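Summary of the model geometry
Spelled out, the chains give:
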Amino acid sequence: MEDKGCEKNSPCPNSRIPGVDFNIHNCRSREFNMNLYKTTLCLAYQSLGIVYGDLSISPIYVYKSTFSGDLHLYEDDHEILGVLSIVFWTLTLIPLCKYIIFVLGADDNGEGGTFALYSSLCRHSRMGLLNTVHPAHERISSYCSEIPTKDTRMGLLIKEFFEKHKSSRIVLLLVVFLGTGMIIGDGILTPTMSVLSAVYGIRIKAPDLHENYTVFIACIILVGLFALQHYGTHKVGFLFAPIMLIWLLCISGVGMYNIFRWNPRVIGALSPYYIYYFFRKTGRIGWSSLGGVVLCLTGTEAMFADLGHFSKLSIRIAFTGLVYPCLVLAYMGEAAYISKNKMDISSSFYKAIPEVMFWPVFIIATLASVVGSQAIISATFSIVSQCRALRCFPRVKIKHTSNQIHGQIYIPEVNWMLMMSCLAVVIGFRDTRMIGNAYGLAGVTVMFITTCLMFLIISTVWKKNVLLAVLFFVVFGSLELLYISACLGKVHHGGWLPLLFALVIMSLMSIWNYGTMKKDAFELENKVSMDRLLSLGPSLGIARVPGICLLYSNVAFGLPPMFAHFVTNFPAFHHTLIFVTLKSLMVPKVPDVERFHVNRIGPPELSIFRCVVRYGYKEVRDCYNFETQLIEKVAEFLKQESTIEDMTVRGQSPNHISAAVGNEVCRDIAEQRRKEVSGGSGEQWSNTGFQSLGSHQEMKKLMEAREAGGVAYMMGNPYVVASGVSPFLKKFAINIVYGFLRRNCRRPAIALGVPHTSLLEVGMLYQV
């Protein structure tokens with residue numbers, strides 16, 4: 001029988017025939033596969049405008065930058081073909097072999113980037129310093145379901161080394177910060193280099209045009225590019241993808257035209273022999289020229305950093321099926337033109353375009369340069385979001401721009417700061433050669449940091465033989481170190497700029513993380529036990545007022561010093577008090593069913609609860625539904641508690657209760673029942689007017705308070721200063737830099753979406 005398949009909205013024709021249920025399954029399976037294929041191809045199409053824009057426009061400036069120095073003295077065919085051979089094998093080894101085959105496989109549950117690698121290392125070993133969550137709150141079932149495999153001997157030695165030496169963990173974190181700083185610095189240099197290189201093409205047809213006009217046009221284009229970002233990656237991707245598709249087809253078509261017209265022998269440059277001949281002939285000058293060749297890799301890191309916006313399969317399909325072959329043809333065609341027109345080498349890309357196609361290709365090149373900047377801008381948004389979630393970056397506003405794809409975000413503050421920095425670089429440098437020197441160093445440094453982290457991933461997370469990790473590092477790391485050494489030779493010619501950006505960003509992130517950790521440590525050291533608060537209750541004459549109060553703090557156990565400070569000065573708080581602790585884990589996402597952990601603090605008559613709310617580093621918190629979800633979770637907790645009370649009355653054991661209810665929270669409740677506060681402290685509070693309520697009545701009171709709208713918010717507003725005996729460097733970091741960042745970033749209440757009219761802030765002085 002001919003299989004005609006199934007339409008999407010029509011039942012399978014065999015579904016009504018007894019005994020052919022497998023046909024129903026096959027129909028549904030084919031429908032699912034078709035939807036999967038369509039989604040993957042759609043994402044691959046969008047990735048052209050988001051991920052591969054920067055990598056695809058590099059032919060505009062690679063040969064120009066490579067031959068801008070002393071290499072112009074070596075313009076024979078063999079040297080030109082040698083540069084082409086280096087470009088080809090660099091594209092083959094780094095983007096194709098390293099990233100497409102290996103690095104994309106090291107994703108952290110669909111998320112990519114430097115912090116994703118670091119998160120994976122922290123979760124599988126004790127190499128991290130960022131995660132200070134109590135072990136009871138770290139377990140996520142979806143991340144603990146992996147089949148355990150035995151560690152290799154060398155993998156265990158590496159883990160033990162990091163566990164024993166805290167300095168090694170600090171160095172690892174600083175390396176991650178450095179990579180982050182380089183990516184953000186790349187987000188400044190990429191738009192300037194791309195747009196300015198494309199706009200300078202107009203001087204081919206108008207050589208008398210003053211440089212100020214080209215700079216002005218580039219600034220206008222940059223302002224327009226950053227103004228589009230608030231529409232989101234999804235809309236921008238669909239807008240930019242057709243441009244990149246046309247661009248890739250154009251440069252590949254022009255490349256094939258130049259190959260057949262000028263020099264078909266350039267195909268022979270695919271042989272690595274030309275690389276050997278090139279370095280034998282040029283020596284040190286050839287090594288120095290690698291600072292220009294490395295520009296063919298710009299945007300490669302975005303393939304991994306933007307992974308959260310797409311999928312591994314879609315990125316692989318787009319690169320291997322379209323981007324890689326088009327780039328190879330473009331570089332070969334331009335080399336063929338240069339080999340016969342050596343006088344045009346400083347502007348070879350535009351000179352190689354046939355006269356009849358110049359203006360259309362120029363317009364597409366200008367548009368493509370705008371698109372090329374999008375890859376690193378999206379990657380910058382992703383990496384800043386991860387840093388902010390792990391409290392390594394000041395609080396900024398993060399907006400979700402897609403309901404379907406979780407990782408697509410927009411950060412207004414970062415967007416406008418990038419725009420101002422880009423304009424400053426364009427106006428200040430003007431010279432694409434100097435910007436190119438800075439641009440190449442930033443990109444290849446991030447790639448080398450990824451290689452170093454991949455060495456640890458292969459040996460400790462994948463638990464492969466250490467020889468495989470060493471081979472990976474030697475093959476790719478040695479090539480990247482060669483490029484870094486060439487770029488460092490041009491530090492005084494503009495290469496200092498990404499180093500300055502990275503140093504500033506790394507310092508700010510380190511100080512913010514250090515100040516935050518010191519603040520948390522102060523709160524933990526000065527937290528108040530429940531017994532102490534209970535003992536102070538009668539003497540303070542604490543009164544209860546109607547309503548619910550959500551008290552935010554970073555203390556997951558005990559009572560925060562801010563609350564004790566408040567009660568001591570104002571001995572009153574709401575009838576229902578919920579201590580809310582928001583924790584970011586070293587995982588991309590936390591399942592909704594495991595997000596809230598609710599338990600009770602103190603005797604039941606106090607109606608005091610604690611709720612630990614867990615988020616992944618890629619999640620944006622829903623400010624609008626959070627209050628409703630939180631109160632519903634407390635109501636569920638009370639409902640489970642009442643179930644346990646009813647079963648206890650019938651004489652069932654706590655273990656039986658836990659098994660019957662089937663919830664880990666219930667085991668905590670049963671355990672708490674055995675350890676419940678009794679005697680003096682509970683009676684003292686009862687004498688002050690608090691009545692012990694059953695769980696049914698307490699749940700009713702909670703719902704009444706919620707319906708009445710009596711929800712207030714309380715959070716601390718501490719002023720953090722270094723102690724008087726602290727060294728000068730610590731005082732400078734805490735009092736000046738951390739204090740400045742804390743005063744000028746978004747306030748916690750705004751970041752959490754807390755209504756201003758219901759907010760109560762408690763000020764305290766923290767001496768750390």
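See the structure above.
Every residue gets a number counted from 1 within its own chain, in the order that chain's sequence is written. The model is predicted, so local features are restricted to residues of pLDDT at least 70 and side-chain atom pairs to those at 80 or more, both for listing and for counting; the totals for chains, interfaces and linings are taken over all residues. Working from all heavy atoms in the structure, the side-chain values ignore hydrogens and water.

1. Some thoughts on the side chain of Arg395
By secondary structure assignment, the location of Arg395 is in the loop between helix H15 (358-389) and strand S1 (399-400). Pairing of N or O atoms within 3.5 Å defines a polar contact, subject to two protein rules: one partner must be a possible hydrogen donor and the other a possible acceptor, and residues neighboring in sequence count only if both atoms are side-chain atoms. Within the structure, Arg395 has its side chain in polar contact with the backbone oxygen of Arg746 (distance 2.7 Å). By the convention used here, residues are in contact when the closest approach between their heavy atoms is within 4.5 Å. In contact with Arg395, not counting residues within four places along its chain, are Arg388, Trp512, Arg742, Cys745, Arg746, Arg747, Pro748 and Ala751. Helix and strand assignments follow DSSP, with helices taken as H or I runs no shorter than four residues and strands as E runs no shorter than two, numbered in order from the N terminus.

2. A few points about the side chain of Glu480
With respect to the helices and strands, Glu480 occurs in helix H18 (residues 466-488). Only protein chains enter the accessibility calculation, which uses a 1.4 Å probe. A residue is then buried if its area is under 20% of the maximum for its type, exposed if over 50%, and partly exposed in between. On the basis of relative accessibility, which here comes to 1%, the residue Glu480 falls in the buried class. Discounting residues that sit within four places of it in the chain, Glu480 has contacts with Ile94, Lys98, Val444, Met447, Phe448 and Thr451.

3. Notes on the packing of helix H7 (residues 166-199) against helix H16 (residues 412-429)
Packed helices, taken two at a time, are described by their axes: the angle between them and the distance between them. To get an axis, a line is fitted to the C-alpha atoms, and for a helix only the part in contact is used. The angle between two axes follows their N-to-C directions and goes from 0 to 180 degrees. Running from amino to carboxyl end, H7 crosses H16 at an angle of 50°, the nearest separation of the two axes being 9 Å. Considering their axes alone, H7 and H16 lie oblique with respect to each other. H16 is crossed by H7, and the crossing has right-handed handedness. Judged by residue contacts, Ile184, Gly187, Ile188, Leu189, Pro191, Thr192 and Leu196 of H7 engage Leu418, Ser421, Cys422, Val425 and Val426 from H16. Here the contact of H7 with H16 is composed, by residue class, of nine nonpolar, three polar and no charged. Oblique is the label for any angle not under 35 degrees, not over 145, and not in the 65 to 115 range, which are roughly parallel, roughly antiparallel and roughly perpendicular in turn. Each crossing gets its handedness from the near helix: less than a right angle anticlockwise from the far helix is left-handed, clockwise is right-handed. Lys, Arg, Asp and Glu make up the charged group, whereas Ala, Val, Leu, Ile, Met, Phe, Trp, Tyr, Cys and Pro make up the nonpolar group; the residues left over, Gly among them, are polar.

4. Brief notes about the sheet that holds strand S3 (residues 543-552)
The strand order across the open sheet formed by six strands is S5-S6-S4-S3-S7-S8, and the pairing between neighbours is mixed. Taken across any chain shown, the strands that pair with only one partner, and hence form the sheet edges, are strand S5 (596-601) and strand S8 (759-767). When the angles between neighbouring strand axes are averaged without regard to direction, this sheet yields 25°. Between any two strands, pairing holds if DSSP finds at least two bridges. The sheet contact formed by S5 and strand S6 (residues 608-616) spans six bridges and is antiparallel. From the neighbouring strand, Arg600 faces S6, where its bridge partner is Phe609. The strands touched by helix H21 (residues 561-569) are S3, strand S4 (572-585), strand S7 (711-721) and S8; relative to S8, the strand with the most contacts, the crossing angle is about 110°.

5. Observations concerning the pattern of salt bridges
Salt bridges are defined as contacts in which a side-chain nitrogen from Lys or Arg sits within 4 Å of a carboxyl oxygen from Asp or Glu. Inspection of every chain in the model, using the stated rule, returns eleven salt bridges. With its nearest N and O atoms 2.7 Å apart, the salt bridge here joins Asp108 to Arg123. Of the two residues, Asp108 sits in the loop between helix H4 (77-102) and helix H5 (114-124) while Arg123 sits in helix H5, which places them 15 residues apart along the sequence. A residue is classified by how much of its surface remains accessible, and Asp108, at 1% relative accessible area, is buried. One network of salt bridges, in which partners are shared, links Arg391, Lys519 and Asp520.

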